[in-house]
Amino acid sequence: MTTALERIRTAKRELGQDVVILAHHYQRKEVVEQGDFVGDSYQLAKYAAASNARRIVFCGVHFMAEAARILARPEQRVFMPDPRAGCPMADMADARDSVVALTRLREMAGEKRRIIPVTYVNSNADVKAVVGHAGGLVCTSANAPKALQWAASKGDLLFFLPDEFLGTNTANGLGYLPVARWNPHEADGGLTTDKVRAARVIVWQGYCHVHTYFTPAMVAAARLKYPGCSVVVHPECKPDVVAVADGLGSTSYLVDAVEKTAPGQTVVVGTEVNLVLRLANQYPDRKVVPLEYSLCPNMYRTTPEKLADLLENFDPAREITVPEDVVAGARLALQRMLDL
Ligand code: 13P
Ligand code: SF4
């Protein structure tokens with residue numbers, strides 16, 4: 001029987017330059033191996049914007065494929081092997097609630113403050129559009145400090161959504177304090193006018209369950225088990241975990257940190273487990289261990305079988321589209337990031 005990998009190889013040979021396969025670092029190993037380009041969300045967005053392929057196949061989660069769709073030319077088409085692969089954190093903020101929050105924050109902050117919104121790329125396209133129209137920009141974990149600095153040069157109150165922890169960790173790193181939390185399920189975000197007026201950054205109360213799973217006790221246990229190890233974590237982790245880690249940074253930073261670990265040394269990595277296990281395989285001369293097994297079930301939805309099905313049929317149900325009225329605002333916010 002023909003295997004999925006054989007079907008993919010045959011389809012790729014037949015399709016040639018017509019198709020490019022982009023794979024996020026968190027994809028399972030067998031999918032990453034089929035990628036023409038593998039990267040973090042920032043690298044993949046840039047690659048999609050520059051690609052000449054007529055069809056872009058995105059192995060990742062929905063907001064990433066949406067970003068590729070927005071940045072690609074109109075005649076290009078973007079597909080996902082499984083379009084149901086979403087991101088629960090992205091779904092924690094919708095456009096309507098984001099507009100309500102921005103409007104209310106402007107009223108509470110008073111006329112003298114100018115609010116600039118910054119949305120993590122892990123957000124749906126309509127939220128990016130709200131942010132773009134309000135003079136803000138998109139960031140990824142790789143450029144969050146730069147994006148916040150850009151926003152701080154345009155206004156004096158920053159509104160970061162939807163990841164409370166990337167927002168808080170980045171603000172802490174830059175000394176943009178105090179940080180207040182907007183709870184979208186409470187009136188006025190659960191904040192008072194005084195709290196809003198005192199704040200430098202307001203963060204939306206959203207989170208990634210894959211990264212908030214990590215705890216300081218796990219870091220302590222790793223240090224006991226691997227004396228002398230270094231511990232590096234993704235900025236979607238909670239600040240109490242960041243406080244006890246040796247390094248903090250985006251997916252590309254974590255890949256780099258493993259690459260720079262000397263042979264014979266141990267590095268413990270607090271991020272999605274598929275990436276960590278792949279790095280462990282890639283660098284057998286050093287010990288690369290996951291802080292704990294924490295898997296993104298949405299990233300895991302993409303399988304070689306689904307990729308093979310897509311490459312053979314390009315079923316329109318797997319095509320990613322973004323409503324016309326959303327594209328312009330979302331592109332504005334994404335382009336501001338790419339121009340940083
Ligand atoms: P990167 O922006 O580092 O690729 O990560 C995306 C993501 O979903 C992290 O959980
Ligand atoms: Fe979303 Fe977290 Fe999965 Fe990244 S790891 S796609 S933030 S659920």
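Computed from a prediction, not measured in an experiment: that's the story for all the values here. (Residues numbered from 1 in each chain as written. Chains lettered and ligands numbered in written order. Predicted model: local features only at pLDDT ≥ 70, side-chain atom pairs only at ≥ 80, totals over all residues. Heavy atoms only, no water.)

Caption draft 1: Highlighting the site of ligand 2. Close contacts around ligand 2 come from Y26, V61, C87, P88, M89, N122, C208, V210, E236 and C296, and that covers them all. Taken together, the residues that form the shell around ligand 2 break down as eight nonpolar, one polar and one charged. (Near = heavy atom within 4 Å. Nonpolar A, V, L, I, M, F, W, Y, C, P; charged D, E, K, R; others polar.)

Caption draft 2: Main features of unusual backbone geometry. With an omega of -5 degrees, the peptide bond between L161 and P162 qualifies as cis. Here the residue pair L177 and P178 is connected by a cis peptide bond, since its omega of -5 degrees sits within 30 degrees of zero. One can find P178 in the loop between α8 (164-174) and β8 (179-182). One non-glycine residue with positive phi stands out, namely D188, at about 50 degrees. (Helix = DSSP H or I, 4+ residues; strand = E, 2+ residues; numbered from the N terminus.)

Caption draft 3: Quick peek at the sheet that holds strand β1 (residues 19-24). Read from one edge of the open sheet, four strands run β2-β1-β3-β4, paired in parallel fashion. Either end of the sheet is taken by a strand with one partner, and the two such strands are β2 (37-39) and β4 (77-79). Neighbour-to-neighbour, the strand axes of the sheet open up by a mean angle of 20 degrees, direction not taken into account. Bridge count between β1 and strand β3 (residues 55-59): five bridges; the pairing is parallel. Considered in β3, the bridge of I21 is made with V57. Against the sheet, helix α14 (residues 304-313) makes contact with β1, β3 and β4, and its axis sits at roughly 170 degrees relative to β3, the strand it touches most. (Pairing = 2+ DSSP bridges. Axes fitted to C-alpha atoms, helices over the stretch in contact; angles between N-to-C directions. Contact = heavy atoms within 4.5 Å.)

Caption draft 4: Molecular detail of the side chain of S123. Examined against the element boundaries, S123 turns out to sit in the loop between β5 (115-120) and α6 (125-133). A distance of 3.0 Å separates a polar atom in the side chain of S123 from a polar atom in the side chain of T119. Those residues in contact with S123 that sit more than four places away from it in its chain are F63, E66, A90, K128 and P162. (Polar contact = N/O pair within 3.5 Å; in protein donor to acceptor, adjacent residues only side chain to side chain.)

Caption draft 5: Focus on the site of ligand 1. The full set of residues close to ligand 1 is H24, Y26, D40, S41, M64, N122, S141, H211, H234, E236 and T251. With respect to ligand 1, the side chain of E236 contributes an N or O atom lying 3.0 Å from an oxygen atom. Calculation on ligand 1 without its partners gives an accessible area of 300 Å², and the protein chains cover 96% of this total. The site holding ligand 1 turns out to be the largest cavity. Counted by class, the shell around ligand 1 contains two nonpolar, seven polar and two charged residues. (Areas by Shrake-Rupley, 256 points an atom, 1.4 Å probe, with all protein chains shown as cover. 1 Å grid on protein atoms, 1.4 Å probe; cavity = no way out; pocket = protein on both sides within 12 Å on 5 of 7 lines; lining within 4 Å. Sits in = over half its atoms within 2 Å of the grid points.)

Caption draft 6: How the structure looks around empty space enclosed by the protein. For the structure shown, the criterion picks out two cavities of 30 Å³ or more. If you add up the space inside the largest cavity, you get close to 290 Å³. Residue composition of the lining of the largest cavity, by class: 13 nonpolar, 10 polar and three charged. One number sums up the size of the second largest cavity: a volume of about 40 Å³. Forming the boundary of the second largest cavity are S41, L44, A45, F58, M64, A67, A68 and V121. Going through the elements one at a time, α3 (41-50) and α4 (62-71) are the ones with two or more residues in the lining of the second largest cavity. Partitioning the lining of the second largest cavity into residue classes produces seven nonpolar, one polar and no charged. (Points joined across faces, edges and corners; volume = space filled by probe spheres on them.)

Caption draft 7: The arrangement of the packing of aromatic side chains in detail. On inspection of all chains with the given rule, the structure shows four aromatic pairs. When the centroid spacing of 5.0 Å and the interplanar angle of 70 degrees are considered together, the rings of F79 and F314 count as edge-to-face. Pair noted here: F79 is in strand β4 and F314 is in the loop between α14 and α15 (324-338), with a separation of 235 residues, a long-range link. Judged by its relative accessible area of 0%, F79 is buried. By relative accessible area, which is 9% here, F314 ends up buried. In this structure, R55 is placed above the aromatic ring of F314, and the distance from its NZ or CZ to the ring centre is 4.1 Å. Here R200 stacks its cationic end above the ring of Y176, 4.2 Å away from the centre of that ring. (Phe/Tyr/Trp six-rings, centres within 6.5 Å; stacked < 30°, edge-to-face > 60°. Buried < 20%, exposed > 50% of the residue type's maximum accessible area, 1.4 Å probe, protein only. Lys NZ or Arg CZ within 6 Å of the ring centre and 35° of its normal.)

Caption draft 8: Highlighting α15. With 15 residues, α15 extends 21 Å from end C-alpha to end C-alpha; this agrees with the ideal 21 Å at 1.5 Å per step. If you follow the buried residues of α15, they end up packed against α3, α4, α6 and β6 (137-139). (Expected span 1.5 Å × (residues − 1).)

Caption draft 9: Broad picture of the packing of helix α5 (residues 95-109) against α6. Their axes nearest at 8 Å, the elements α5 and α6 cross at an angle of 25 degrees. Relative to α6, the element α5 lies roughly parallel. With respect to the hand of their crossing, α5 and α6 are arranged in right-handed fashion. Residues A95, S98, V99 and L102 of α5 pack against D126, V127 and V130 of α6. Here the residues of the contact of α5 with α6 sort into five nonpolar, one polar and one charged. (Parallel < 35°, antiparallel > 145°, perpendicular 65-115°, else oblique. Left-handed = near helix turned anticlockwise from the far one by under 90°.)

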